[in-house]
Amino acid sequence: MEYAYSVSEGQATHAWGRGTGTGGPPPSEYYITASGSAVDADDGTNTIEIYFSNTDGDFSLYAFVYDAVKAEFEFYLGTTDYILLANIIRNLDAEGEQMQGAFLGPYTYANGSTHTLTNLVFSVDRVPDYYYSAD
């Protein structure tokens, strides 16, 4: 099934991305989210989350898809260093700009049945970074 996600919750009324992590800059994680509607965003349905996590200097890239009944599907998109990630994702750290990127699949998830994620292309508002304490 093909989805066109366009609305989310959070710091904007539409799809957004930001850097995050513990303590302060630079971000150790990046998070992008979009939902089919504001209600879907609140319910955790028809939502996609793209997550980049820095572990030992390399970023692990994932996409999480939540369908209409809240079933979660995790897709591993690969691993990269920061330099390549910043070249894959335009405006990765440019708050207030459009964060844009593409992951051309297919990527598959198997859990009794096979689901495929293809042509993951996005352009979202890059909202300010958010840092939380490690406590």
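Our subject is the structure that appears above.
Residues numbered from 1 in each chain as written. Predicted model: local features only at pLDDT ≥ 70, side-chain atom pairs only at ≥ 80, totals over all residues. Heavy atoms only, no water.

Student: Is there a simple way to think about the overall build of the chain in this case?
Tutor: Within the chain one finds two helices and 10 strands. Start at the N end of the chain and walk to the C end: the helices and strands fall as β-β-α-β-β-β-α-β-β-β-β-β. Looking at the chain as a whole, 39% of its 135 residues qualify as buried. Put simply, 44% of the contacts in the chain that link residues at least 6 apart link residues at least 24 apart. Total accessible area on the chain stands at roughly 7500 Å², and carbon and sulfur atoms take up 50% of it. (Helix = DSSP H or I, 4+ residues; strand = E, 2+ residues; numbered from the N terminus. Buried < 20%, exposed > 50% of the residue type's maximum accessible area, 1.4 Å probe, protein only. Contact = heavy atoms within 4.5 Å. Areas by Shrake-Rupley, 256 points an atom, 1.4 Å probe, with all protein chains shown as cover.)

Student: I tried to follow the environment of Thr-118 on my own but got confused; where do I start?
Tutor: Mapped onto the elements, Thr-118 comes out in the loop between strand E8 (114–117) and strand E9 (120–126). Along the chain, Thr-118 and Gly-105 lie 13 residues apart, while their C-alpha atoms are 4.4 Å from each other.

Student: Honestly, the environment of Asn-87 in this entry has me stumped. Any pointers?
Tutor: Looking at the secondary structure, you find Asn-87 in helix H2 (residues 82–88). Between the alpha carbons of Asn-87 and Gly-101 there is a distance of 9.1 Å; along the sequence they are 14 residues apart.

Student: Looking at this structure, I do not really get the environment of Asp-43. What am I missing?
Tutor: Here Asp-43 lies in helix H1 (residues 38–43). The sequence separation of Asp-43 and Tyr-66 amounts to 23 residues, and the corresponding C-alpha distance is 10.0 Å.

Student: Teacher, can you tell me more about the side chain of Asp-40 here?
Tutor: Inspection of the secondary structure assignment puts Asp-40 in helix H1. The charged side chain of Asp-40 is buried without a salt bridge, its nearest counter-charge being Lys-70 at 9.6 Å. Each residue touching Asp-40, except ones within four places of it in the same chain, is listed here: Ser-35, Thr-45, Asn-46 and Thr-47. (Lys, Arg positive; Asp, Glu negative; His and termini not counted. Salt bridge = Lys/Arg side-chain N within 4 Å of Asp/Glu carboxyl O.)

Student: Where do I start with the pattern of salt bridges in this structure?
Tutor: Side chains that differ in sign of charge can pair as their charged atoms come close. The final tally for this structure, using the stated rule, is two salt bridges. Between Asp-93 and Arg-126 there is a salt bridge; the shortest N-O distance is 3.5 Å. On the criterion of sequence distance, the pair formed by Asp-93 in the loop between H2 and strand E6 (98–103) and Arg-126 in strand E9 is long-range, its members being 33 residues apart. Connected via shared salt-bridge partners are Asp-93, Arg-126 and Asp-129.

Student: Any chance you could explain unusual backbone geometry here in plain terms?
Tutor: Negative phi values dominate among residues other than glycine, just as trans dominates among peptide bonds. Of the consecutive residues Pro-25 and Pro-26, the connecting peptide bond is found in the cis state with omega at -5°. One can find Pro-26 in the loop between strand E1 (16–22) and strand E2 (29–35). Following Gly-105, the chain continues to Pro-106 via a peptide bond in cis, the omega torsion being 15°. Mapped onto the secondary structure, Pro-106 falls in the loop between E6 and strand E7 (107–110). The residue Asn-91 is not glycine, and still its phi comes out positive at about 60°. Mapped onto the secondary structure, Asn-91 falls in the loop between H2 and E6. Asn-91 gets classed as partly exposed once you look at its relative accessible area, which sits at 25%. For Asn-119, which is not glycine, the phi dihedral falls at a positive 45°. Note that Asn-119 resides in the loop between E8 and E9.

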